[in-house]
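Next come the chains, spelled out residue by residue.
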Amino acid sequence: MSDNDSDPQEPPHGFEPPPTRRKLLEVVTAGLSFLLMAVPASLGGLFFLDPLLRRRGATSDGNSGGATAGFIRLGITRDAIPQDGTPVAVTVITDLDDAWNRFRNVPVGSVWVRKNPDAEIIVLNSICPHLGCSVDYRRSNGDFFCPCHTSSFAPDGTRTNEIPPRNMDSLEVLIAKDGEPNPEGNEIWIRFQNFRRATKEKIPV
């Protein structure tokens, strides 16, 4: 074969595809370029929006939606609280979300739960408002006592000496049935909060 012979596998020099074919190639090339850019961008957008989508759709016993939004259901029922006013220590467990992860059934604190003489449920944060130690209940004395600095409190949380700057921190309580507010229900839900220590004011932190 001479040098002047054309390769049958290659188009002649200067060959251009017909306009229809050229247009099709341009459309296909543009489509592929768009997909190559759009797919990573979409995945990246979903990655950044994922925490918001999960938080918006999250409903569980720990952090429920609806009427109990912002409340945490305690792992004890109203019937289990002694009628005589003896407090019961309860660990507060809920789900925690950071920017990208959900951690289920995490202990976030503890509370004392008791019934007052009218059978109303009272919930007190177990952290001493003085310097943040855990408050114990002394059954023999019938009072709450902080072993760190001898702060003491009556069963209703009222301070009984001048060491703590304020009473024990009470928490908002919601009685519910099947996750819906109902004064005849047996579920105890609380709005769990911690508060600034060593101040007379009850300031959430």
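Check the entry above for the structure.
Residues numbered from 1 in each chain as written. Predicted model: local features only at pLDDT ≥ 70, side-chain atom pairs only at ≥ 80, totals over all residues. Heavy atoms only, no water.

Caption draft 1: The state of the cysteines, seen in detail. Using the criterion set out here, one finds one disulfide in the structure. At a sulfur-sulfur separation of 2.1 Å, the disulfide partner of C133 is C148. Judged by the sign of its S-S torsion, about -105°, the cystine formed by C133 and C148 is left-handed. Taken together, the residues span a long stretch of sequence, with C133 in the loop between β4 (121-125) and β5 (136-138) and C148 in the loop between β6 (143-146) and β7 (151-153) at a distance of 15 residues. Classification of C148 by relative accessible area gives partly exposed; the value is 41%. The thiol of C128 is unpaired, and the distance to the nearest cysteine sulfur, on C146, comes to 3.9 Å. The class for C146 is buried, based on a relative accessible area of 1%. (Disulfide = S-S within 2.5 Å. Helix = DSSP H or I, 4+ residues; strand = E, 2+ residues; numbered from the N terminus. Buried < 20%, exposed > 50% of the residue type's maximum accessible area, 1.4 Å probe, protein only.)

Caption draft 2: Region of the structure containing the sheet that holds β5. Within the open sheet, the three strands sit side by side as β5-β6-β7. Their pairing is antiparallel. Strands with a single pairing partner mark the edges of an open sheet, and in this sheet they are β5 and β7. If you compare each strand with its neighbour and ignore which way they point, the axes differ by 30° on average. Here three bridges tie β5 to β6, and the two strands are oriented antiparallel to one another. Each residue of the ladder has a partner; that of R138, found in β6, is D143. (Pairing = 2+ DSSP bridges. Axes fitted to C-alpha atoms, helices over the stretch in contact; angles between N-to-C directions.)

Caption draft 3: Structural context of the packing of aromatic side chains. Under the defined criterion, the tally for this structure stands at three aromatic pairs. Centre to centre, the rings of W112 and Y137 are 6.3 Å apart; their planes meet at 55°, and the pair counts as tilted. One end of the pair, W112, is in strand β3 (residues 102-115); the other, Y137, is in strand β5, and 25 residues separate them in sequence. On the basis of relative accessible area, W112 is assigned to the buried category, the value being 12%. The interplanar angle of 65° and the centroid separation of 5.4 Å between the aromatic rings of Y137 and F144 together place this pair among those described as edge-to-face. Residue F144 is classed as buried on the basis of its relative accessible area of 0%. What links up through ring pairs into an aromatic cluster is the set W112, Y137 and F144. In this structure, K202 packs its charged tip against the face of F195, placed 5.0 Å from the ring centre. (Phe/Tyr/Trp six-rings, centres within 6.5 Å; stacked < 30°, edge-to-face > 60°. Lys NZ or Arg CZ within 6 Å of the ring centre and 35° of its normal.)

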